[in-house]
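Notes for the structure review
Read off the chains here:
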Amino acid sequence: QVQLVESGGGLVLPGGSLRLSCAASGNIASIYTMGWYRQAPGKQRESVATITNGAITNYADSVKGRFTISRDNTKNTVYLQMNNLKPEDTAVYYCNYNVFRTRNSWGQGTQVTVSS
């Protein structure tokens, strides 16, 4: 079992920055992918960014150039640095932990609101 705890969400002005963190604990595999997903009201959950154990990243087109995902394996933590935030980034952001073909876990989510 793996538990994920997100933090760092909040209210920010358009153009501002926010840094999300997700710490994993429990029975963590040696090789795993982590990522951030988000769900806005009335919309389906979408992938924002993912990062493999080998630090290969993938971003949604809507956040490329603005968001950066990173991980610290010594802390079993994944981060999402969000810059130049836009109102359309407003959503609940969920941390994801995935072991290829075997395990998939989610955090409870953290609210990010971008508004003036």
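The structure under discussion appears in the preceding block.
Keep in mind the model is a prediction, meaning the values are calculated, not measured.

Overview of the pairing of strand β11 (residues 110-114)
Sheet faces and side chains relate simply in a regular strand, where the side chains alternate between the two faces. Burial of β11 is one-sided: the residues Thr110, Val112 and Val114 facing one way are buried, the residues Gln111 and Thr113 facing the other way are not. In this sheet, β11 lies alongside strand β2 (residues 10-12) in parallel orientation, the contact comprising three bridges. Considered in β11, the bridge of valine 12 is made with valine 114. Bridging between strand β9 (residues 91-99) and β11 involves three bridges; their strand directions are antiparallel.

Some remarks on the side chain of threonine 90
Tracing the backbone through its elements, the reader meets threonine 90 in the loop between β8 (77-82) and β9. Of note is the side chain of threonine 90, whose polar atom sits 2.9 Å from the backbone oxygen of proline 87. Setting aside its immediate chain neighbours within four residues, threonine 90 contacts Ala40, Gln111, Val112, Thr113 and Val114.

So, the pattern of salt bridges
Overall, the coordinates contain four salt bridges when judged by the stated rule. In this structure, arginine 38 and aspartate 89 form a salt bridge, with 3.0 Å as the shortest nitrogen-oxygen distance. On the criterion of sequence distance, the pair formed by arginine 38 in strand β4 (residues 33-39) and aspartate 89 in the loop between β8 and β9 is long-range, its members being 51 residues apart. Each member of the salt-bridge network shares a partner with another, and the members are Arg38, Glu46, Arg66 and Asp89.

Focus: the environment of tyrosine 79
Within the fold, tyrosine 79 resides in strand β8. Considered as a pair, tyrosine 79 and phenylalanine 100 are 21 residues apart in the sequence and their alpha carbons are 20 Å apart. Not counting residues up to four positions away in its chain, the partners in contact with tyrosine 79 are Arg19, Leu20, Ser21, Trp36, Thr68, Ile69, Ser70 and Asp72.

Focus on the nonpolar core
Judged by nonpolar contacts, the single largest core of 30 residues is most densely connected at Met34, Trp36, Leu80, Met82 and Tyr93. Put simply, the parts of the chain that give this core at least two residues each are β1 (2-7), β3 (18-26), β4, β5 (46-51), β7 (67-72), β8, β9 and β11. In terms of residues, this core owes the most to one element, β9, which gives five residues. If sequence neighbours within four positions are ignored, leucine 80 has contacts with Leu18, Arg19, Leu20, Trp36, Val48, Ala49, Phe67, Thr68, Ile69 and Tyr93.

Each value, and the rule that gives it
Residues numbered from 1 in each chain as written. Predicted model: local features only at pLDDT ≥ 70, side-chain atom pairs only at ≥ 80, totals over all residues. Heavy atoms only, no water. Buried < 20%, exposed > 50% of the residue type's maximum accessible area, 1.4 Å probe, protein only. Helix = DSSP H or I, 4+ residues; strand = E, 2+ residues; numbered from the N terminus. Pairing = 2+ DSSP bridges. Polar contact = N/O pair within 3.5 Å; in protein donor to acceptor, adjacent residues only side chain to side chain. Contact = heavy atoms within 4.5 Å. Salt bridge = Lys/Arg side-chain N within 4 Å of Asp/Glu carboxyl O. Core = buried A, V, L, I, M, F, W, Y, C linked by side-chain atoms within 4.5 Å.

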